[in-house]
Amino acid sequence: MMKNNASDLEIIDKVISGDTQSFEKMIKRYEGKLLRLCHSMVGESQAEDAAQEIFLKAYESLGQFKGDSSFSTWLYRIASHHCLNIISKRKREKTESLDALIEKLGDHIPMLTENHLVSNAFENQQMVQLVLDQLSSEERIILALREMEGLSYKELSETFEISQDLVKVRLFRARKNFLEIAKKIL
Amino acid sequence: MEYHISKEKIYEFYDGELTESESRRIESHLAVCRECKLEFELLKEASRLFFEKSEAIVPPGFSEKVMQRILEKEEKREKIYRGSVFDLFGLPRWEVLTAYSVSFLIFCYFTIHAVKTKEQAAKNPVELIFNQEETDSLIYSNQEINKESLLPMFYESESNSEESLYDE
C-alpha cells in the first residue's frame, strides 16, 4: 500500500494553492485502483461514473485532508461512502441463487482454475462481481479493499473509522460467507 | 491432531497481521495439522482465484474527463462570484467578504444603540415633562428680561415725546 509520500502532499498543496491542473497527477496515480474498486462494488456499468464522482468529491474536500492518514486511505474512505450510497439507493435486483450463479459462471471456472495467470482481466472482474453480489455491501467493501487493494488492518480501520478489532470481526464474517460460496464453486 | 487454530488466527496469519513469534507458531502447526492447512489453502486459493490483481481497465481519456468536470465547476463558481456584489473592485473574495462583514457589524451596532436610546427615553416620560417646564421657564425668563430691557426704553421715549411737546 502506497504510503503518504512527499509528492502526494506536494501535489495537494499545489492544488489547494490554486493550481487545479496538478490534480490530474493524482487522478492518474489512483485511477486504476479506484476503478477496480468501483467495478467490484457497483458493477461495470456504473464504475466509471462512480469513480469520476469520487474524484470530484475528493477535489472539493481537499482542504479537509489533514494528512494524518495516507491520501489513498482517505480516497478509499470517500469511495466506500459513495459506493455504499449507490448500492443502498438503487433497487436491488432479485438476488440470484447460488446454483444459478454457478450455472452462469460455468464455462469460466475451468478456464480460471486451469490457467494460473488470468489472461482476461475483464472476465476476472466479472466473476469477482458475480460472487461479491452474494455478499452484503459492507462485507463486499471490506473484502474488496483487503483482497484487491491490500489494505492492512490499520488502514482499513482508518478508512472505515472503526477499531482494528472491529475490522477483524467484519473481515472474518465477510470471508466466512465468501468462502462458503467459493467452496461450492471450487 | 486434537488442537486446532481458530479460523480468525488463520486469517490473520494469511493477512500477515501476526507477530513474528505467533506466525512461526502457526506455520509449525499448519505443517502438521491437515484440517487447519486445508482451511488456509482454501482461503489462499479462493483469494487468488477471485481477487488476483489484474490491471484495472481504465477507459481512455478518463482523467481528462474528470479534469474537464472539475474545470467546468470552477468556471461556474467563478461566474457566480463575478456577477455578484462580492466582485467589487476585483478584490479577492475573502477581502470583500471581510469588508461586508465589518460594515454589517457597524450597522448592527448603531442600530442597537439607537433602539436602546429610544427604549430609555420611553421608560422615563416624567423627566421629559420636567425638562419641558424647565425649558418653558427659561423661555419666559428670557421674555421677562426682554420686557424689562424694553420697558425703560418705552418710558424714556414717552417722556421724551412729552417734553418735546411742551418745549418751546
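Counting restarts for each chain: residues are numbered from 1 in the order of the written sequence. Throughout, the order in which chains and ligands are written sets their labels, letters from A for the former and numbers from 1 for the latter. Two thresholds apply to this predicted model, a pLDDT of at least 70 for residue-level local features and 80 or more for giving and counting side-chain atom pairs, whereas whole-chain, interface and lining totals are computed over all residues. As a convention, hydrogens and water are excluded, and side-chain values are obtained from all of the structure's heavy atoms.

Q: Just checking my understanding: could you explain the overall build of chain B for this structure?
A: Counting from the N terminus, the helices are DSSP H or I runs at least four residues long and the strands are E runs at least two residues long. Summing up its helical and strand segments, chain B has 6 helices and 0 strands in all. Along chain B, helices (α) and strands (β) appear in the sequence α-α-α-α-α-α when read from the amino end. Relative accessibility under 20% of the residue-type maximum defines a buried residue, over 50% an exposed one, and the middle range a partly exposed one, all with a 1.4 Å probe and only protein chains included. Each of the 168 residues in chain B was classed as buried or not, and the buried ones make up 19%. The contact criterion used throughout is that any non-hydrogen atoms of two residues lie within 4.5 Å. Pairs at least 24 apart in sequence give 43% of the contacts found in chain B among residues at least 6 apart.

Q: Looking at this structure, how should I read a positive patch on the surface?
A: Patches were defined on residues exceeding 30% relative accessible area and lacking a salt bridge, with like-charge contacts within 9 Å and nonpolar side-chain contacts (Val, Leu, Ile, Met, Phe, Trp, Tyr) within 5 Å. Per-residue and other accessible areas follow the Shrake-Rupley method at a 1.4 Å probe size, with only the shown protein chains counted as cover for residues. Basic side-chain nitrogens of Lys or Arg form a salt bridge, by our definition, when they fall within 4 Å of a carboxyl oxygen of Asp or Glu. Charged residues are defined narrowly, with Lys and Arg counted positive, Asp and Glu counted negative, and His plus the chain ends left uncounted. Charged side chains are reduced to one point each, which is NZ for Lys, CZ for Arg, CG for Asp and CD for Glu. A contiguous patch of positive charge on the surface is contributed by Arg170, Arg173, Lys176 and Lys183 of chain A together with Lys7 of chain B. Here the positive patch gets 4 residues from one element, more than from any other, and that element is helix H10 (residues 164-185) of chain A. Looking at the secondary structure, you find Arg170 of chain A in helix H10. Taking the relative accessible area as the measure of exposure, Arg170 of chain A reaches 35% and is therefore partly exposed.

Q: Looking at this structure, I do not really get the confidence of the model for chain B. What am I missing?
A: When pLDDT drops low, the exact placement of atoms in the prediction is not to be read closely. Residues and elements named next belong to chain B. The quantity called pLDDT is the predictor's confidence in a given residue, expressed from 0 to 100. Counting all residues, the mean pLDDT for chain B is 75, and 60% of those residues have values of 70 or more. Per-element mean pLDDT across chain B ranges from 52 in helix H6 (residues 125-166) up to 94 in helix H2 (residues 20-32). Across residues 161-168, confidence stays below pLDDT 50; counting only partners more than four residues off in sequence or on other chains, it has 0 contacts. Under the prediction, the complex receives an ipTM of 0.76, its pTM being 0.65.

Q: Can you walk me through the interface of chain B and chain A in this structure?
A: Accessible area lost on assembly of the parts is the figure often given for the size of an interface. In this assembly, 37 residues from chain B lie in contact with 48 residues from chain A. Together chain B and chain A conceal approximately 4,200 Å² of surface at their shared face, both sides included; 64% is due to carbon and sulfur atoms. The interface formed by chain B and chain A includes 7 salt bridges. Mapped by element, the contributors of at least two residues to the side of chain B that touches chain A are helix H1 (7-15), helix H3 (34-51) and helix H4 (62-82) of chain B. Here the element with the most residues in the side of chain B that touches chain A is H4 of chain B; it accounts for 12 residues. Note that Gly is not counted as nonpolar here; it falls among the polar residues with everything else outside the nonpolar set of Ala, Val, Leu, Ile, Met, Phe, Trp, Tyr, Cys and Pro and the charged set of Asp, Glu, Lys and Arg. Among the residues making up the side of chain B that touches chain A, the classes are represented as 17 nonpolar, 3 polar and 17 charged. Take the accessible area each of two parts loses on contact, using a 1.4 Å probe, and add the two losses: that sum is the buried area.

Q: Help me out: how do you make sense of the packing of helix H8 (residues 137-147) of chain A against helix H9 (residues 153-160) of chain A in this one?
A: A packed helix pair is summarised by two numbers, namely the angle formed by the two axes and the spacing between the axes. Residues and elements named next belong to chain A. Angles shown run from 0 to 180 degrees and are taken between the N-to-C directions of axes, each axis being a line fitted to C-alpha atoms and, for helices, limited to the stretch in contact. The geometry of H8 relative to H9 is characterised by a closest axis approach of 10 Å and an angle of 140° between their N-to-C directions. In this view, H8 runs oblique relative to H9, as classed from their interaxial angle. The chirality of how H8 crosses H9 is right-handed. Residues Ile141, Ile142, Leu145 and Arg146 of H8 lie in contact with H9, whose contacting residues are Tyr153, Leu156, Thr159 and Phe160. When grouped by side-chain class, the residues that make up the contact of H8 with H9 number 6 nonpolar, 1 polar and 1 charged. The labels follow the angle: roughly parallel below 35 degrees, roughly antiparallel above 145, roughly perpendicular from 65 to 115, and oblique for the rest. Helix crossings are classified by the rotation of the near helix relative to the far one: an anticlockwise turn of less than a right angle makes the crossing left-handed, while a clockwise turn makes it right-handed.

Q: What's the story with helix H4 (residues 71-89) of chain A in this structure? I'm lost.
A: Because each turn of an α-helix spans 3.6 residues, side chains separated by three or four positions in sequence point in the same direction. Expected helix span is given by 1.5 Å per residue-to-residue step, counting one fewer step than there are residues. Under the 1.5 Å per step criterion, the end-to-end length of H4 of chain A is 27 Å for 19 residues, consistent within 8% with the ideal 27 Å. The buried count for H4 of chain A comes to 14 of 19 residues, which makes it a mostly enclosed element.

Q: How should I be thinking about the nonpolar core in this particular structure?
A: Generally speaking, soluble globular proteins have nonpolar side chains that are buried together. Formed by 74 residues in total, the largest nonpolar core has its most connected members in Phe23, Cys38, Phe55, Phe71 and Phe178 of chain A. The biggest single contributor to this core is helix H2 (residues 23-42) of chain A, with 10 residues. Excluding anything up to four places from it in sequence, Phe55 of chain A contacts Phe23, Met26, Ile27, Tyr30, Glu31, Leu34 and Leu75 of chain A together with Phe62 and Val66 of chain B. Residues belong to a common nonpolar core when they are buried Ala, Val, Leu, Ile, Met, Phe, Trp, Tyr or Cys residues joined through side-chain atoms within 4.5 Å.

Q: Explanation requested: the packing of aromatic side chains in the structure shown.
A: The relation between two aromatic rings is expressed through the spacing of the ring centres and the mutual angle of the planes. Pairing of aromatic side chains requires ring centres within 6.5 Å, counting the rings of Phe and Tyr and the six-membered ring of Trp. Pairs whose planes differ by under 30 degrees are stacked, by over 60 edge-to-face, and all others tilted. Tallied over the full model, the rule gives 10 aromatic pairs over all chains. Aromatic pair Phe172 of chain A and Tyr11 of chain B: ring centres 5.6 Å apart, planes at 40°, arrangement tilted. A residue pair is termed interchain when its members come from two chains, as with Phe172 of chain A in helix H10 and Tyr11 of chain B in helix H1. In this pair, the class of Phe172 of chain A matches that of Tyr11 of chain B, namely buried. Three or more aromatic residues link up through ring pairs in this structure, and these residues are Tyr30, Phe65, Phe71 and Trp74 of chain A. Over the aromatic face of Tyr11 of chain B sits the side chain of Arg175 of chain A, whose NZ or CZ is 5.6 Å from the ring centroid. Two limits define a charge over a ring: the Lys NZ or Arg CZ must be within 6 Å of the ring centre, and within 35 degrees of the ring normal.

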